[in-house]
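# An overview of the molecular structure
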Amino acid sequence: QVQLVESGGGLVQAGGSLRLSCAASGLTFSRYGMGWFRQAPGKEREFVVAIISIGGRTRYADSVKGRFTISRDNAKNTVFLQMNSLKPEDTANYYCAASIYGGDTGTSAPEYAYWGQGTQVTVSA
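It should be emphasised that the depicted structure is a prediction, and the values quoted were computed from it without experimental measurement.

What follows is about the sheet that holds strand 8 (residues 78-83). Strand pairing in a sheet relies on backbone hydrogen bonds. The paired strands run either parallel or antiparallel. The antiparallel open sheet is built from four strands, whose spatial order is 1-3-8-7. Of all strands in the sheet, those with a lone pairing partner are strand 1 (3-7) and strand 7 (68-73), marking the two edges. In this sheet, adjacent strand axes meet at a mean angle of 15° when their direction is disregarded. One ladder, built from six bridges, connects strand 7 with strand 8; its direction is antiparallel. Bridge assignment links Phe68 to a residue of strand 8, and that residue is Met83.

Now the structure itself:
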């Protein structure tokens with residue numbers, strides 16, 4: 001059974017930082033591309049960032065470029081999202097997801113087969 005478990009969310013002031021983690025189990029982690037999406041109340045889920053299975057190639061949404069950094073540790077089956085210079089508009093529930101397309105940095109939710117339950121990030125003004 002595949003499980004993705006996010007952690008690291010919380011309340012932070014604008015300009016602050018948070019580091020999210022997503023621990024995966026039940027799958028061969030190094031074969032999967034990994035992504036982070038977010039969903040704010042009343043809005044659709046949106047792509048944030050993705051990283052391929054091996055090699056480190058990434059893709060970022062324009063809204064987070066230069067502020068967020070994705071990384072992964074295949075030995076620990078974990079993907080990370082370092083979020084700096086946070087803004088109130090970053091407030092959302094953040095989800096990690098695993099894509100069967102290991103070599104792709106997909107931006108579309110249907111490309112991702114497995115999802116975590118999410119972790120809430122709240123940025124106060």
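Okay, back to it.
Let's shift gears to the packing of aromatic side chains. What the rule picks out here adds up to five aromatic pairs. Directly above the ring of Tyr95 sits Arg45, whose terminal nitrogen or CZ lies 3.9 Å from the centroid.

For Gln120, the location among the structural elements is in strand 11 (residues 119-124). The class for Gln120 is partly exposed, based on a relative accessible area of 39%. Separated by 103 residues in sequence, Gln120 and Ser17 have C-alpha atoms that sit 14 Å apart. Discounting residues that sit within four places of it in the chain, Gln120 has contacts with Gly9, Gly10, Thr91, Ala92 and Asn93. Among the polar contacts made by the side chain of Gln120, one reaches the side chain of Thr122 at a distance of 3.4 Å.

A word on the pairing of strand 3 (residues 18-25). Looking at chain direction, strand 1 and strand 3 are connected through five bridges and run antiparallel. Looking across to strand 3, one finds that Glu6 is bridged to Cys22. Note that strand 3 and strand 8 share six bridges and pair antiparallel. When the bridges of strand 8 are listed, Leu18 appears paired with Met83.

Let's shift gears to the side chain of Arg38. As for its position among the elements, Arg38 is in strand 4 (residues 33-39). A polar atom in the side chain of Arg38 sits 2.5 Å from the side chain of Glu46. Only 2.9 Å separates the side chain of Arg38 from the side chain of Tyr94, close enough to count as a polar contact. Dropping the residues within four chain positions of it, Arg38 is found in contact with Glu44, Arg45, Glu46, Val48, Ser63, Val64, Phe68, Glu89, Asp90, Ala92, Asn93 and Tyr94.

Scanning all chains against the criterion turns up four salt bridges. Note that Arg38 and Glu46 form a salt bridge whose closest N and O atoms lie 2.5 Å from each other. Residue class for Arg38 comes out buried when judged on its relative accessible area of 5%. Residue Glu46 is classed as partly exposed on the basis of its relative accessible area of 35%. Among the ionic pairs, Arg38 bridges to Asp90, the shortest N-O distance being 2.9 Å. In this pair, Arg38 is assigned in strand 4 and Asp90 in the loop between strand 8 and strand 9 (92-99), connecting sequence segments 52 residues apart. This pair shows no difference in class: Arg38 is buried, exactly as Asp90 is. Several salt bridges share partner residues, and in doing so they unite Arg38, Glu46, Arg67 and Asp90 into one network.

The rules behind these values
Residues numbered from 1 in each chain as written. Predicted model: local features only at pLDDT ≥ 70, side-chain atom pairs only at ≥ 80, totals over all residues. Heavy atoms only, no water. Pairing = 2+ DSSP bridges. Helix = DSSP H or I, 4+ residues; strand = E, 2+ residues; numbered from the N terminus. Axes fitted to C-alpha atoms, helices over the stretch in contact; angles between N-to-C directions. Phe/Tyr/Trp six-rings, centres within 6.5 Å; stacked < 30°, edge-to-face > 60°. Lys NZ or Arg CZ within 6 Å of the ring centre and 35° of its normal. Buried < 20%, exposed > 50% of the residue type's maximum accessible area, 1.4 Å probe, protein only. Contact = heavy atoms within 4.5 Å. Polar contact = N/O pair within 3.5 Å; in protein donor to acceptor, adjacent residues only side chain to side chain. Salt bridge = Lys/Arg side-chain N within 4 Å of Asp/Glu carboxyl O.

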